[in-house]
Amino acid sequence: MKVKELRDLTDDQLGEELLKLRREQFNLRMQSATGQGAKPDQHGKVRKSIAQLKTVQGERVRAQAKTK
């Protein structure tokens, strides 16, 4: 999902998306620990997606704090 698409989501939707990505990250770690061959590039993609999502959440928190 692109950052522009993330900015269009609500706060609740962002939270759900973050939870989904964290679960996916956990599953990838478990697959690599048990020797099941997950695609190695998936780890980086999930990490990048989590970082983008958390950046958008941080922007919203700072914007709300600025308006108060």
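What comes next is a walk through the structure. In this text, all values refer to a predicted model and were calculated from it rather than measured experimentally. (Residues numbered from 1 in each chain as written. Predicted model: local features only at pLDDT ≥ 70, side-chain atom pairs only at ≥ 80, totals over all residues. Heavy atoms only, no water.)

**Quick look at the pattern of salt bridges**
- Applying the stated criterion across every chain yields a total of 4 salt bridges.
- Here Asp11 ties to Arg60 by a salt bridge, and the two come within 2.8 Å at their closest N and O atoms. Placement of Asp11 in helix α2 (residues 11-33) and of Arg60 in helix α3 (residues 40-67) is noted, with a sequence separation of 49 residues between them.
- Looking at Asp11, the relative accessible area reads 44%, which means it is partly exposed.
- Close ionic contact of Lys45 with Asp41 constitutes a salt bridge, the shortest N to O distance being 3.2 Å. Taken together, the residues span about one helical turn, with Lys45 and Asp41 both in helix α3 at a distance of 4 residues.
- On the basis of relative accessibility, which here comes to 48%, the residue Lys45 falls in the partly exposed class.
- Relative accessible area serves as the criterion here: at 38%, Asp41 is assigned to the partly exposed category. (Salt bridge = Lys/Arg side-chain N within 4 Å of Asp/Glu carboxyl O. Helix = DSSP H or I, 4+ residues; strand = E, 2+ residues; numbered from the N terminus. Buried < 20%, exposed > 50% of the residue type's maximum accessible area, 1.4 Å probe, protein only.)

That is the geometry; function is a separate question.
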